[in-house]
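Understanding the architecture of this molecule
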Amino acid sequence: MRKTQDKQGGAGAMLQARKHELALSVAVALTSVVVPAEAAATVYTQPVTGVASNDAPGGTGGYNPGYTITSNGGTPTYVLASGDSINVESADTQVTGVSVTSSSSSTVIDATAGNVSINATRDVPATGTTGGSAVGIYASSPQSDPKSVTVNGPISVSVNDKNSKANGSIYGNAYALWADDFASITINGDTTLHATTPGYGRVIYLTGNGSRITINGNLTAESDSNNTNYAIMGDGRSILRVSGNVDLTASGIYPSDNVNGIWNPSVSARTEIGGNLKLYAIARGSTVMGIRNNGYIGVSGNATITAVGNRTAFGVNAGHRLSKTEFFGDATITAQGGLNIFGDTTGAYNYGGNGGNGYMRFDGNLTVTATNGTFEGDSDVLGLDNNGRMTLATAGTVARLLPTGTKGTHSAYGIRNGMSFTAASDVDITVSEKAGATYRVLNTGAADFNGALSIAKAAGSTAASHYGVVTRPGAASSATTNINQGGGHAVTIQGDVLTGSNSGGYTGTLNLKLDTSGSWLNGLVLADTDGSVGATNLVVNNGARWIANGSGALAADFGSGSLSVGSGSAIDLAASWGTFAPGSVPAYSLRTLQVGSSAGSGASVNLADGAAFTLLSDVRNGTADKLVFGSGVASFTAQGTQNVRIAYDPVLDDTSWINAGTLQKGTSILSASPIVIVDASAAASGTASFLAAAGLSGQWSGTYQNALVRFTYTPRVSLSADRKQILLGGIDIAGDGSSTS
């Protein structure tokens, strides 16, 4: 029995071993099945010429490997597998990956397999050097026999011309795509382009009278150059169309010359971007322009443009009188000027002089940031600089302009307009300067602000002069600035408003309407810096305020304009110091504001029933702010009752008068004699007068027996005997009517 069991046990072990061997054999068999290897990618080292008999295997070109070419209606189609590349490298004068010319057939490149690239590298010759280029795809043909290159599928094109500048000549040129004369290049797929050279760099180059490049997909491109770098350049009657998004970098490697992200030198050239644009341009040696346009450039999607340079810097520069530049989506433009004294830093510039109509349009939200570099002497910083026709076209959008000067004694401008500027959008301008002057708006043409407008001085600005709106005529034309003339929009302006005129009889006119409760002008109405004056027509209504700013004796010059103050609105001599509240009284001084005109025709003043004056006073010392309508006011009308509001008087914080009796019954703190607070004696040739005046009540609080007590106070006002002055007699404190028992 023992042996039998041993035999059975041995057989079982052998069976198990056999089963294991069989399992291993099956596994080995399964893993040993021959899988066809993925075809190795082919590297083609000779260019596509569009001549099938030259480029095919065994062709006259002797290509090894030759291209797989099929025919589609007589058009040769070069079929590339996934991972295939065209890599052409030599020291020849012209090195191209694809070259279709008048002696070629129009050509199709089938890159639908994906991961296909075209590379052209031009080496430095062993001896000597001549001008030449490295080109990824080149197409050139006359109008009589136009040729085309069509790429179906995504493609990557990279070019490198290693030849550099010598003896004042540029020998290196790197162009990823180049369409010349009446030839066209079409890419149906996402496209990646890269151009590198010590010479001239371009990722897209269009020349001649009818060249076309169309990219039906997204474009990602970078051009790196040590000299002039025009990353995308369209000349002649060329057309560039990209249906998708564009992500473009133009880099000027030191010591670079000018760098332009997109440059249309011809008035007939067109660049159309159907998606979003992201553009970054940097010049490490000279001038930089994100977009430079003499023809047409349109961006349908959102645009983000950054231009950084160490000389002149433009985010957008439309420099021809016939140019047209349109942004249909939101636009963010940043311009950073550089180290050297050379030129201005400008967010967006539009030219339209010499009888032209250079046009620039922003349909979406707009943000412009312009900042100069660490040193410059006479260069300015500008948000928008317009000498053509510029429009912020869409109501409800917001344009934010942030020009910042950091050095020198030059000027910073939010908007400088010399022809026609229209804003349907809301506009928010904040300007900063180190030591020069700031102009939030300088207009020598026609400027219309039809939406909300906010004009402010940046918190850190230390400029010598801060101007809100300046309207001065051109040498041969008058200028007009219209703000909120349709009414209903919030307007806040920090800074003086100036108008001027010239010896030719041309004037600057400002029409400014403040007609919402949150609207104000915090500044003076003045003549221009040269002493000339135009006309300011200021309407203050529906609770808006004109806040006089400055210290000492203040003078406002309306020229041949007018001042109209409506019911519930005020001329405010208190608010410029800050907010007056119990326990929080800002530093202040008492002032006199003279309202008048230096123009021969004089100005007009109209005070509605309920128009108010907000002042500061010190009745115990017999003094107060004073408003004078002077002899320069040719016409003066005061309707109904004018109201006086005292924002603060030291008696409000003097608790010596607070006791149980005065809290119950009230008290009056009188001036030793009436104080003249509004005087129209000299206005309208001495005929001006008031019908009535009244004090407006305010609230204050003090401490009595360690308790906070609130009280109402009202200035005691009256008219002079001749009704030409409003007098302040004191402050009446109202009692609360409570019992003292």
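All figures in this text were calculated on a predicted structure; none of them were measured in a lab.

1. Considering the overall build of the protein
Summing up its helical and strand segments, the protein has three helices and 64 strands in all. The C-alpha atoms of the protein give a radius of gyration of 38 Å, which is well past the 27 Å a tight globule of 741 residues would have. Seen along its three principal axes, the alpha-carbon backbone of the protein occupies a region of about 130 × 105 × 45 Å. Here the contacts in the protein between residues at least 6 apart in sequence split such that 81% fall between residues at least 24 apart. Of the roughly 28,800 Å² of accessible surface on the protein, a fraction of 49% belongs to carbon and sulfur atoms. Separation between the mean location of the 40 positive side-chain charges and that of the 48 negative ones in the protein comes to 5 Å.

2. A word on the sheet that holds strand S50 (residues 553–557)
The seven strands are arranged S50-S53-S57-S60-S64-S63-S62 in an open sheet whose pairing can be described as mixed. Both outer strands of the open sheet, S50 and strand S62 (698–704), are each paired with one neighbouring strand and no more. With strand direction ignored, the average angle separating the axes of adjacent strands in the sheet is 25°. Sheet analysis places strand S60 (residues 666–679) next to strand S64 (residues 725–734), joined by nine bridges and oriented antiparallel. Bridged to Thr667 within S64 is Ile733.

3. Topic: the confidence of the model for the protein
With 92% of its residues at a pLDDT of 70 or more, the protein shows a mean pLDDT of 91. Per-residue pLDDT stays below 50 along residues 1–37; that stretch engages in zero contacts with residues further than four places along the chain or on separate chains.

4. Regarding the environment of Ala250
As for its placement among the helices and strands, Ala250 is situated in strand S19 (residues 246–252). For Ala250, a relative accessible area of 0% puts it in the buried group. Considered as a pair, Ala250 and Ser461 are 211 residues apart in the sequence and their alpha carbons are 33 Å apart. With residues near it in sequence (within four places) discarded, Ala250 still touches Ser223, Asn229, Ala231, Val259, Asn260, Gly261, Tyr280, Ala281 and Ile282.

5. Side note on the side chain of Ser117
Within the secondary structure layout, Ser117 lies in strand S7 (residues 117–122). Classification of Ser117 by relative accessible area gives buried; the value is 18%. With near-sequence residues (within four places) excluded, Ser117 lies in contact with Asp84, Ser85, Ile86, Ile155 and Ser156.

6. Looking at the pairing of strand S5 (residues 94–100)
Counting buried residues along S5, six of its seven residues qualify, which places the element largely inside the surrounding structure. Where S5 lies against strand S8 (residues 133–141), six bridges are found, and the strand directions are parallel. The residue bridging Gln94 from the neighbouring strand is Ser133, located in S8.

7. Notes on the side chain of Ser569
In this structure, Ser569 sits in the loop between strand S51 (562–565) and strand S52 (570–572). Residue classification places Ser569 among the buried residues on the basis of a relative accessible area of 0%. Within the structure, Ser569 has its side chain in polar contact with the backbone nitrogen of Asn542 (distance 3.2 Å). Not counting the four nearest positions on each side in its chain, Ser569 is found in contact with Val540, Asn541, Asn542, Gly543, Ala544, Gly610, Ala611 and Ala612.

8. Describing the packing of aromatic side chains
Counted according to the given criterion, the structure contains 21 aromatic pairs. Ring centres 5.7 Å apart and planes at 85° place the aromatic pair Trp546 and Phe558 in the edge-to-face group. In this pair, Trp546 sits in strand S49 (residues 545–547) while Phe558 sits in the loop between S50 and S51, placing the two residues 12 residues apart along the sequence. Of the aromatic side chains, those joined through ring pairs into one cluster are Tyr44, Tyr63, Tyr67 and Tyr78. If you follow Arg202 out to its NZ or CZ, it ends over the ring of Tyr205, 4.5 Å from the centre. Geometry around Tyr413 places Arg416 over its ring, the cationic atom sitting 5.0 Å from the centre.

9. Looking at the pattern of salt bridges
For the structure on display, the rule yields 12 salt bridges. Taking the shortest distance from any N to any O, the salt bridge between Asp654 and Arg620 comes out at 2.1 Å. Taken together, the positions of Asp654 in the loop between strand S59 (641–648) and helix H3 (660–665) and Arg620 in the loop between strand S55 (612–618) and strand S56 (623–624) put the pair 34 residues apart, joining distant regions of the chain. A residue is classified by how much of its surface remains accessible, and Asp654, at 23% relative accessible area, is partly exposed. Taking the relative accessible area as the measure of exposure, Arg620 reaches 42% and is therefore partly exposed. Three or more residues are tied together by salt bridges with common partners; here these are Glu89, Asp123 and Lys162.

10. A word on unusual backbone geometry
The omega torsion across Asn64 and Pro65 is 5°, close enough to zero to call that bond cis. Assignment of secondary structure puts Pro65 in the loop between helix H2 (52–55) and strand S2 (69–72). You will see that Asn115, though not glycine, has its phi angle at about 55°, which is positive. One can find Asn115 in the loop between strand S6 (107–110) and S7. Exposure remark for Asn115: the relative accessible area of 60% places this residue in the exposed category. Even without being glycine, Ser685 reaches a positive phi, approximately 55°. Along the chain, the position of Ser685 falls in the loop between S60 and strand S61 (692–695).

11. Brief notes about the environment of Tyr200
Assignment of secondary structure puts Tyr200 in strand S14 (residues 200–207). C-alpha separation for the pair Tyr200 and Ser256, spaced 56 residues apart in sequence, amounts to 9.9 Å.

12. Notes on the environment of Leu80
Tracing the chain through its elements places Leu80 in the loop between strand S3 (75–79) and strand S4 (85–90). Separated by 31 residues in sequence, Leu80 and Ala111 place their C-alpha atoms 5.6 Å apart. If near-sequence neighbours (up to four positions away) are discounted, Leu80 is found in contact with Tyr44, Tyr67, Ile86, Ile109, Asp110, Ala113 and Val116.

13. Here we look at the nonpolar core
Judged by nonpolar contacts, the single largest core of 160 residues is most densely connected at Ile204, Trp546, Leu593, Phe629 and Phe636. Here Phe636 is in contact with Val605, Leu607, Phe629, Ala680, Ala683, Ala684, Ala688, Ser689 and Phe690, once residues within four sequence places are set aside.

14. Here we look at the pairing of strand S27 (residues 324–327)
Residues in a regular strand point their side chains to alternate faces of the sheet. One ladder, built from four bridges, connects strand S24 (residues 296–299) with S27; its direction is parallel. By the bridge assignment for S27, Ile297 is matched with Thr325. Judged from the four bridges that link them, S27 and strand S30 (residues 359–362) form a sheet pairing that is parallel. Bridged to Phe327 within S30 is Phe362.

About the cut-offs
Residues numbered from 1 in each chain as written. Predicted model: local features only at pLDDT ≥ 70, side-chain atom pairs only at ≥ 80, totals over all residues. Heavy atoms only, no water. Helix = DSSP H or I, 4+ residues; strand = E, 2+ residues; numbered from the N terminus. Rg over C-alpha atoms; globule rule 2.2 N^0.38 Å. Contact = heavy atoms within 4.5 Å. Areas by Shrake-Rupley, 256 points an atom, 1.4 Å probe, with all protein chains shown as cover. Lys, Arg positive; Asp, Glu negative; His and termini not counted. Charge placed at Lys NZ, Arg CZ, Asp CG, Glu CD. Pairing = 2+ DSSP bridges. Axes fitted to C-alpha atoms, helices over the stretch in contact; angles between N-to-C directions. pLDDT = per-residue confidence, 0-100. Buried < 20%, exposed > 50% of the residue type's maximum accessible area, 1.4 Å probe, protein only. Polar contact = N/O pair within 3.5 Å; in protein donor to acceptor, adjacent residues only side chain to side chain. Phe/Tyr/Trp six-rings, centres within 6.5 Å; stacked < 30°, edge-to-face > 60°. Lys NZ or Arg CZ within 6 Å of the ring centre and 35° of its normal. Salt bridge = Lys/Arg side-chain N within 4 Å of Asp/Glu carboxyl O. Core = buried A, V, L, I, M, F, W, Y, C linked by side-chain atoms within 4.5 Å.

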